[in-house]
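Okay, here's what each chain looks like letter by letter:
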Amino acid sequence: MKILQIKFKNINSLKGEHFIDFEAEPLKSNALFAITGPTGSGKSTLLDVICLALFNKVPRMGKVSKSEIAKTGSVITRHQKQAFAQVTYQCKSGKFLSHWDIQYNRNNNLNDYEMQLKNLITNEEFDLKKSEVPSKNEDLIGLNYEQFIKSILLAQGEFSKFLKASDNDRKQILEQITGTEIYRKIGMLAYEKSKQVKSAIDLDLQRISDLQEKLLEEERTEKLQTELAAAKLQKNKESDKLSKFKTQIELAERRKKLVLKLENYQKERAKLLEQQVDFKEKHSVKLQNHQKTQAFAEDLQVRKDQKKQFKKLEKDKQSILLLLDNLTKQEVQHLEEVNNLIKQPVQADLMVERLEDFRKKVVSIDLELKDVRKTFSIQQKALGEKLQQLGVQSNLNKINETVNRLTEYQQKWQRDFQNTSEFLNQHDSITKNLQDVTSDLNQKIEFSLEAKQLEQRKVQLNKKKSELGIQLKELEKKISTHQQELSLAEKALVNAKTKLENLQLKWNNQRLIQHFEDHRKKLQPGEECPLCGSLEHPFIEDAVSFESDLEVKISDSKKGLQQLEKQLKKLQNLVVAQAKEKENNEQQIKDLETELTSIKLQWKADFNQLQQEKNHHSWEEFVVVLKKIQQGFKEKDELEQKLSLISPLFSALDELQRLIEQGQSLKHKLASVYSGDDVDLEVSKLKSSWDKNQQQQLTKKEDLKKLQTQLSNLATDFKQREAKLQDLIEQVGFLTIEESQAARMKEDVFQDLLNQENEFSSQLKIINQSLENTQEQLDEMGKDFEANNLLELENKKKETEISIQNLDKEILNSTNQLLNQDNLVKEIKIIRSRVEEERKRSKKWLLLNELIGDARGAKFNNFAQDLTLMHLLAMANHRLTKLNDRYQMDRPKNAEGEDLVVIDLHMGSERRSVKTLSGGETFMLSLALALALSDLASQNVKIDSLFIDEGFGTLDPETLYQTLDTLERLQAESNKIIGIISHVEALKERIQTQIQLTKNGQGYSSLTVVN
């Protein structure tokens, strides 16, 4: 993996956009270069840019988020609204560009970051979410973030810590930086798998033992089978008896129901006959009279309809006559309304023409008045907008009042302008050097507020530092106490395990002795024992004594052991947590000291001049003064503008007054001619009413003529039909037409009565048939029916059912016991087979657990880390030979403790602890380890870019030059890009190609590539 280009903008102290191209001169020809600059200038920021663009992480703060940026003020340069980081890199997968950016929105709130990844060979962007870009970079490069910062970004502090760590700590660090946690997981997995297998087998064996205790004896099984067969035979006999009883009971109940049914039919027939007689008495005559009129029913109905029609026509005639009278009166009323409107008499034939002349006159005056009002409205609106723009509140319908108010405003603004000018002159010392008043004052206010926050931050940091110091002392006391408790708990656990093992051994021996009890009973004095061959048998007479409560003791011992393990685990977790908390507190104190130093430098660079300007004021008071000056300049400009706009408004008010007077004159003229609201509507209504009246009179006169003709025709036809009907009704026995008409019923009433008469006949027929059928059934049943007592049959049936229920319970109980016996035998067979198969299948896991397994995975992990350490030390010694031929590193032997050992070849291969090394020697060994780890990573991923952070300041000139020679050879051999971050002057002189960072007076830095 090779870094080709980095490009970024507004990251930490590096304000603006910066671009470094490692493929262009001078970096292309000089792949060993230095990154130099004073403390705090941003040297490590270049490494932050690479990590940010690839993984959205930086070594000094971990994962980056908008909340973290807003909280700490990191990553984005102060007072800037956006930032980005971009890296172009090449790997075996191709050439790629990874981009990260973030910015503030227009509401000055920070948006979330964005990330993109592009393939520069195909020129296509990957379709990824921002959270997926870091993982994709890891896949392409072949290194995750932790491996990347250990293989490409070499920070010396990490390897110095590794060099002097204890054996356990060294293995943990090596596990982290090499990413070999898998060996610990494999050891833990082997242990857990073996534990699961043993637990499963033990459970199955216990299950077999439990099932065997539940099995029935063979004699009991045979007895149950015999009892079951007898019970089934008896049940069959009882079931036959029950079936016979049920048949007899059913026959008796059926006859009882038929007798009751026959009685009901007889009652229903008598009731129906009574209803039929009553119906004939009420309705027989009516039905006969109605049927007599059926022959001339249609003529009767026509005569009835004609009488109704004659009455209706007479009524319509009277209505028309009344309406014609009303229309004549309305015509006279309309003429009077028109005379009143136009204020002169009008004849009926000229009414429409006079109305139109009057309308045109009124409309003409009204239009002229509207034009005046429109002009007034436009000028009033324009003047109102100008007054509103000036902030003058007035009623433009009262011109004189508005003129007076405007004069008052003009005088007030002139006074305010003079007062503001005097205030600004008093603060001339602050404003005299301002170029852009608004921008410069805003910057002073912003810097003042920032200075106030910085002072407050400094107080908070000092307070927090003091609190953390107190917490750290208390934490050290707690750690010491808990470590003592942990040591005591570990000893108690060892004792408890030993006690449990002894109890289990004793229990196993006791079971073994009990197992041979039957064999002891067969021994005879003087005969050889088949097991040991002895002729003496001391245990024949003397019984062996056993501890009856041994299993209880073992159970209690296991519970105690589990309680101790939990207590030990709890103490271990507590000690680890407190150690981590202590490390965090120490790191926080260190970070607080760094931030306090940074605040001091920033104050000196940014706020000294501003502090002189504020003089004796506090920062809050100084900000208030600056804001008042800023407001003064703004008010002065606004007052000048208002005074220039107010003069033309007086003439505009005069013109409005003239339009008001003209409008009032036209309004009086219109009122003298027409006092209504809408002349067009009123004239239109009058015309419409007149035309409608005339048309209605004409229509109703024609309707009256037609109606009189219809009445005459109807009277003639009615007389002829009445004479014909009189002859017909006399033939069937009626005297008058009205009498025959009264005899008729409504058709639906007649049909209903006729249907009721038919329904009586139909129902009687059905009931007679039902009576006949029921009697036949009873007669037929009498031949086969035995008159047994129904109550006696019910009792016998109940006794038989109880007997069958008892037999069912007996059969179910026996069946369940036998079925349970079969199931137990089958289950024991299945479990035994499963145990054998599990023992064969899990043999490898038991062996694997014996070789590499334990609960914490330490056994296999320690073995793997020892191999990794041997390999890493061999590669480090290879690098160390080129740095300094005096030293080699080795693992400690048994008598040398846990520390790594350095072999001094100039002192007869003397071996001593690495903790005895000087600062320069420690740096050389740490650098060799760092380069070795990079070589180790290069076995899978080709690394062509290397950045080495601080550490060169501890070397003497000779060692420094030797180290640089080694790095130059490394660069030449591997064609790597190697960047060294340092501020050592001798290194700057030796390496001519440099990326120089320079601080300016405002807390920002600039970047330059020089050769």
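Not measured: the values here are computed from a predicted model.

(A) Geometry of helix α11 (residues 399-426). Along its 28 residues, α11 runs 41 Å from first to last C-alpha, staying within 8% of the 40 Å computed at 1.5 Å per residue. Every buried residue of α11 is accounted for by Ile399, Thr402, Leu406, Tyr409, Gln410, Trp413, Thr420, Ser421 and Leu424.

(B) A look at the UniProt feature "coiled-coil region" (unreviewed entry) in the protein. The UniProt record marks residues 216-282, 310-344, 444-506, 547-602, 704-731 and 764-817 with the feature "coiled-coil region" (unreviewed entry), using the residue numbering of this structure. Split by type, residues 216-282 is 97% helix and 0% strand. Its first and last C-alpha atoms lie 91 Å apart. Strand forms 0% of residues 310-344 and helix 94%; the C-alpha atoms that close the span are 50 Å apart.

(C) Fine view of the sheet that holds strand β12 (residues 901-904). One open sheet accounts for 3 strands, arranged β11-β12-β13; its pairing is antiparallel. Looking at which strands have only one partner, the edges of the open sheet turn out to be β11 (887-890) and β13 (910-913). Within the sheet, the average angular offset between the axes of one strand and its neighbour, ignoring direction, is 30°. As paired strands, β11 and β12 are joined by 4 bridges and run antiparallel to one another. Across the sheet, residue Tyr887 finds its bridge partner in β12, namely Asp904.

(D) Just the packing of helix α9 (residues 297-342) against helix α19 (residues 679-731), in detail. Where α9 contacts α19, the two axes come as close as 7 Å, and the packing angle between them is 160°. Taken together, α9 and α19 sit at an angle that is classed as roughly antiparallel. In terms of crossing hand, the pair formed by α9 and α19 is left-handed. Along the lines of polarity and charge, the residues of the contact of α9 with α19 split into 22 nonpolar, 12 polar and 16 charged.

(E) Summary view of the layout of surface pockets. By volume, the second largest pocket amounts to about 1,200 Å³. Lining the second largest pocket are 25 residues, with Tyr191, Lys195, Lys497, Glu565 and Ala855 sitting closest to its centre. Residue assignment for the lining of the second largest pocket shows that the elements contributing at least two residues are α7 (182-214), α13 (437-515) and α15 (550-606). The element that contributes the greatest number of residues to the lining of the second largest pocket is α15, accounting for 8 residues. Per-class residue counts for the lining of the second largest pocket are 7 nonpolar, 6 polar and 12 charged.

(F) Summary view of unusual backbone geometry. The amide bond that connects Glu25 to the next residue, Pro26, takes the cis arrangement and shows omega of 5°. Positionally, Pro26 belongs in the loop between β2 (14-21) and β3 (32-36). Phi at Val75 is positive, roughly 70°, even though this residue is not glycine. Here Val75 lies in the loop between α2 (66-72) and β6 (82-91).

(G) Looking closely at a nonpolar patch on the surface. A surface patch of nonpolar side chains, about 300 Å² in accessible area, is lined by Phe863, Leu867 and Met870. Residue position: Phe863 is located in helix α24 (residues 858-883).

(H) The side chain of His482, seen in detail. Mapping His482 onto the fold places it in helix α13. If we skip the residues at most four places from it in the chain, His482 touches Leu574, Val575 and Gln578.

(I) Examining the packing of α11 against helix α18 (residues 649-673) more closely. In contact at an axis separation of 10 Å, α11 and α18 are set at 175° when each is read in the N-to-C sense. Between α11 and α18, the angle falls in the class roughly antiparallel. Across the interface between the two elements, Ile399, Thr402, Val403, Leu406, Thr407 and Gln410 of α11 pack against Leu649, Phe650, Leu653, Leu656, Gln657 and Ile660 of α18. Partitioning the contact of α11 with α18 into residue classes produces 8 nonpolar, 4 polar and no charged.

(J) Representation of a negative patch on the surface in the model. Among the surface-exposed residues, Glu336, Glu337, Asp677, Asp678 and Glu682 lie close enough to one another that they form a single negatively charged patch. Summarising the element assignment, Glu337 is placed in helix α9. Residue Glu337 is classed as partly exposed on the basis of its relative accessible area, which comes to 34%.

(K) Focus on the packing of aromatic side chains. In the structure shown here, the tally under the stated rule is 7 aromatic pairs. Judged by centre distance (6.3 Å) and plane angle (65°), the rings of Phe22 and Phe947 are edge-to-face. Taken together, the positions of Phe22 in the loop between β2 and β3 and Phe947 in strand β14 (residues 945-948) put the pair 925 residues apart, joining distant regions of the chain. Like Phe947, Phe22 is buried. Among the aromatic side chains, those forming a connected cluster through ring pairs are Phe22, Phe33 and Phe947. The ring centre of Tyr104 lies 5.5 Å from the NZ or CZ of Lys81, which sits over that ring. Against the face of Tyr113 rests Lys130, its NZ or CZ located 4.9 Å from the ring centre.

(L) Inspection of the environment of Asp21 at higher detail. Structurally, Asp21 can be placed in strand β2. Sequence separation of Asp21 and Lys7 is 14 residues, and the distance between their C-alpha atoms is 8.4 Å. Among the polar contacts listed, one links the side chain of Asp21 to the backbone nitrogen of Glu23, at a separation of 2.9 Å.

(M) Here's a closer look at the pattern of salt bridges. For the structure on display, the rule yields 25 salt bridges. In this structure, Glu827 and Arg207 form a salt bridge, with 3.1 Å as the shortest nitrogen-oxygen distance. Here Glu827, found in helix α22 (residues 790-841), pairs with Arg207, found in helix α7; they are 620 residues apart in sequence, far enough to count as distant. Overall, Glu827 belongs to the partly exposed group, its relative accessible area being 28%. A salt bridge links Glu838 to Arg841; the shortest N-O distance between them is 2.3 Å. Of this pair, Glu838 and Arg841 both sit in helix α22, 3 residues apart, which is roughly one turn of that helix. Several salt bridges share partner residues, and in doing so they unite Glu356, Arg359, Asp680 and Lys687 into one network.

(N) Looking closely at the pairing of strand β1 (residues 2-11). Most of β1 is tucked away: 7 of the 10 residues are buried. As paired strands, β1 and β6 are joined by 7 bridges and run antiparallel to one another. Bridging from a neighbouring strand, Gln5 pairs with Thr88 of β6. Relative to β2, β1 is paired through 6 bridges, and the arrangement is antiparallel. Across the sheet, Phe8 pairs through a bridge with His18, a residue of β2. Taking the residues that link successive antiparallel strands as the turn, the β1-β2 hairpin has 2 residues, and the phi of Asn12 there is positive, at about 55°.

(O) Local environment of the nonpolar core. Core analysis: the largest hydrophobic core is formed by 54 residues, its most contacted members being Tyr89, Trp100, Phe148 and Phe947. Take this core: its biggest share by element is 9 residues, from helix α1 (residues 45-55).

The rules behind the values
- Residues numbered from 1 in each chain as written.
- Predicted model: local features only at pLDDT ≥ 70, side-chain atom pairs only at ≥ 80, totals over all residues.
- Heavy atoms only, no water.
- Helix = DSSP H or I, 4+ residues; strand = E, 2+ residues; numbered from the N terminus.
- Expected span 1.5 Å × (residues − 1).
- Buried < 20%, exposed > 50% of the residue type's maximum accessible area, 1.4 Å probe, protein only.
- UniProt positions renumbered as here; feature names shortened; annotations may be inferred.
- Pairing = 2+ DSSP bridges.
- Axes fitted to C-alpha atoms, helices over the stretch in contact; angles between N-to-C directions.
- Parallel < 35°, antiparallel > 145°, perpendicular 65-115°, else oblique.
- Left-handed = near helix turned anticlockwise from the far one by under 90°.
- Nonpolar A, V, L, I, M, F, W, Y, C, P; charged D, E, K, R; others polar.
- 1 Å grid on protein atoms, 1.4 Å probe; cavity = no way out; pocket = protein on both sides within 12 Å on 5 of 7 lines; lining within 4 Å.
- Points joined across faces, edges and corners; volume = space filled by probe spheres on them.
- Patch = residues over 30% accessible without salt bridge, like charges linked within 9 Å, V, L, I, M, F, W, Y side chains within 5 Å.
- Areas by Shrake-Rupley, 256 points an atom, 1.4 Å probe, with all protein chains shown as cover.
- Salt bridge = Lys/Arg side-chain N within 4 Å of Asp/Glu carboxyl O.
- Contact = heavy atoms within 4.5 Å.
- Lys, Arg positive; Asp, Glu negative; His and termini not counted.
- Charge placed at Lys NZ, Arg CZ, Asp CG, Glu CD.
- Phe/Tyr/Trp six-rings, centres within 6.5 Å; stacked < 30°, edge-to-face > 60°.
- Lys NZ or Arg CZ within 6 Å of the ring centre and 35° of its normal.
- Polar contact = N/O pair within 3.5 Å; in protein donor to acceptor, adjacent residues only side chain to side chain.
- Core = buried A, V, L, I, M, F, W, Y, C linked by side-chain atoms within 4.5 Å.

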